[in-house]
Amino acid sequence: MKNIVIVLLFLVSTIAVGAQKISGFIFKPDAYIGTNVGLNTFLAEGYSTYSKTQSTGFIGRVTAGYNLSPVMGIRSFLGYASHNWPDSRFKNSDGSLKTISFDAQMLTVDLTVNLSNWFSYYNRNRIVDFSVFAGTGITHRDKATFSNDLFSYIGRGGLQGDFHLSSFVDLNLIAETNFTGDSYNNYKSGFLPFDVYTAFTVGLSYHFRSTGTLFSK
């Protein structure tokens, strides 16, 4: 009888562990929140004449999203950016370009595509996932040294790597390009119908999941 009990306990534990492994491959839609910070580089009129370090500023955002399927998801960013633009039309006394600094706030919505799940399969035990995204939104540029505030569109896209620190927490690395209206820096040259700024950010996101099986063996 004792041996039978031991065998039964062994079978139950084996089935439980197996079910835990399998659950890591079963997708359930989930919501998440997060934040990320980093640097943006403003590329506008005269960008070929100035060092990109001169046009680097801060960017920070909070996010909320929802994974609709193993591949498709939607998210929103609410953020702030400080931009620096070396205006090639004006120079300081030392001959350097005069840098125009201004701030902006943005609200964007992205469609995300998980490439790791698309080309392979859903696996919560995978250490890192790679995604692409594209989206749109609005931005408000502060008056700063300009004559007025400005509201403009944003068109955006980029790449993202999610390093799964646990079943619930991800480390996010994001590289993106944002397009805004040509008057975003209060200067319209007519050469291109938009201004551009790139951004590289790092952040954390927390997923609301009922259970976690990351790195289960």
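Residues numbered from 1 in each chain as written. Predicted model: local features only at pLDDT ≥ 70, side-chain atom pairs only at ≥ 80, totals over all residues. Heavy atoms only, no water.

Undergrad: Hey, could you go over the overall build of the protein chain for me, with residue numbers and the actual values?
TA: From N to C terminus, the protein chain includes two helices and eight strands. For the protein chain, the succession of helices and strands along the chain, N to C, is α-β-β-β-β-α-β-β-β-β. A buried classification covers 41% of the 217 residues belonging to the protein chain. Intrachain contacts of the protein chain at a sequence separation of at least 6 include 64% that bridge at least 24 residues. Total accessible area computed for the protein chain in this model is approximately 11,700 Å², and 70% of it derives from carbon and sulfur atoms. (Helix = DSSP H or I, 4+ residues; strand = E, 2+ residues; numbered from the N terminus. Buried < 20%, exposed > 50% of the residue type's maximum accessible area, 1.4 Å probe, protein only. Contact = heavy atoms within 4.5 Å. Areas by Shrake-Rupley, 256 points an atom, 1.4 Å probe, with all protein chains shown as cover.)

Undergrad: How would you explain the side chain of His140 if you had to name every residue and give the values?
TA: Structurally, the position occupied by His140 is in strand 5 (residues 128-141). Take His140: its relative accessible area is 16%, and that puts it in the buried class. Within the structure, His140 has its side chain in polar contact with the side chain of Asp142 (distance 3.4 Å). Setting aside anything within four residues of it in sequence, one finds His140 in contact with Asp103, Ala104, Gln105, Asp149, Leu150 and Phe151. (Polar contact = N/O pair within 3.5 Å; in protein donor to acceptor, adjacent residues only side chain to side chain.)

Undergrad: Tell me about the confidence of the model for the protein chain, and please be specific about residues and values.
TA: In the predicted model, the protein chain carries a mean pLDDT of 86, and 85% of its residues have values of at least 70. Here residues 2-22 is a poorly scored stretch, pLDDT under 50, and it has six contacts once near neighbours within four places are set aside; other chains count. (pLDDT = per-residue confidence, 0-100.)

Undergrad: Explain the nonpolar core residue by residue, including any values.
TA: Counting 16 residues, the largest nonpolar core has Phe42, Trp85, Phe102, Tyr184 and Tyr197 as the members making the most contacts within it. Looking at this core, the elements with two or more residues in it are strand 3 (72-91), strand 4 (97-114) and strand 8 (194-208). Counting residues per element, this core draws most heavily on strand 4, which supplies five residues. Each residue touching Trp85, except ones within four places of it in the same chain, is listed here: Phe42, Ala44, Glu45, Tyr50, Lys98, Thr99, Ile100, Phe102, Asn185 and Tyr187. (Core = buried A, V, L, I, M, F, W, Y, C linked by side-chain atoms within 4.5 Å.)

Undergrad: Can you explain the pairing of strand 1 (residues 30-43)? Please cite residues and give values.
TA: Pairing of strand 1 with strand 2 (residues 56-67) involves twelve bridges; the strand directions are antiparallel. Its bridge partner being in strand 2, Ile33 is matched across the sheet by Ala64. Here strand 1 runs beside strand 8; their pairing, made up of 13 bridges, is antiparallel. Of the residues in strand 8, the one forming a bridge with Thr35 is Leu204. (Pairing = 2+ DSSP bridges.)

Undergrad: If you had to explain the sheet that holds strand 6 (residues 150-164) to someone new, which residues and values would you point to?
TA: Taken together, eight strands build a closed barrel; the order of strands is 1-2-3-4-5-6-7-8 and the barrel is antiparallel. With strand direction ignored, the average angle separating the axes of adjacent strands in the sheet is 25°. In this sheet, strand 4 lies alongside strand 3 in antiparallel orientation, the contact comprising 17 bridges. Counterpart to Ala81 in the pairing with strand 4 is Ala104. (Axes fitted to C-alpha atoms, helices over the stretch in contact; angles between N-to-C directions.)

Undergrad: Describe in detail the packing of aromatic side chains, supporting the description with residues and values.
TA: On inspection of all chains with the given rule, the structure shows 13 aromatic pairs. Ring centres of Phe25 and Tyr121 lie 6.0 Å apart, and the angle between their planes is 40°; this geometry places the pair in the tilted category. Of this pair, Phe25 sits in the loop between helix 1 (2-23) and strand 1 while Tyr121 sits in the loop between helix 2 (115-119) and strand 5, and the two are 96 residues apart along the sequence. Note on Phe25: relative accessible area 40%, which makes it partly exposed. On the numbers, 6.3 Å between centres and 15° between planes, the contact of Tyr184 with Tyr197 is stacked. Remark: Tyr197 occurs in strand 8 and Tyr184 occurs in the loop between strand 7 (169-181) and strand 8; sequence separation between them is 13 residues. The exposure classification of Tyr184 matches that of Tyr197, with both residues buried. Each residue in the set Phe42, Phe102, Phe146, Tyr184 and Tyr197 is aromatic and connected to the rest through ring pairs, giving one cluster. Just above the ring of Phe77 sits the side chain of Arg61; from NZ or CZ to the centre is 4.3 Å. (Phe/Tyr/Trp six-rings, centres within 6.5 Å; stacked < 30°, edge-to-face > 60°. Lys NZ or Arg CZ within 6 Å of the ring centre and 35° of its normal.)

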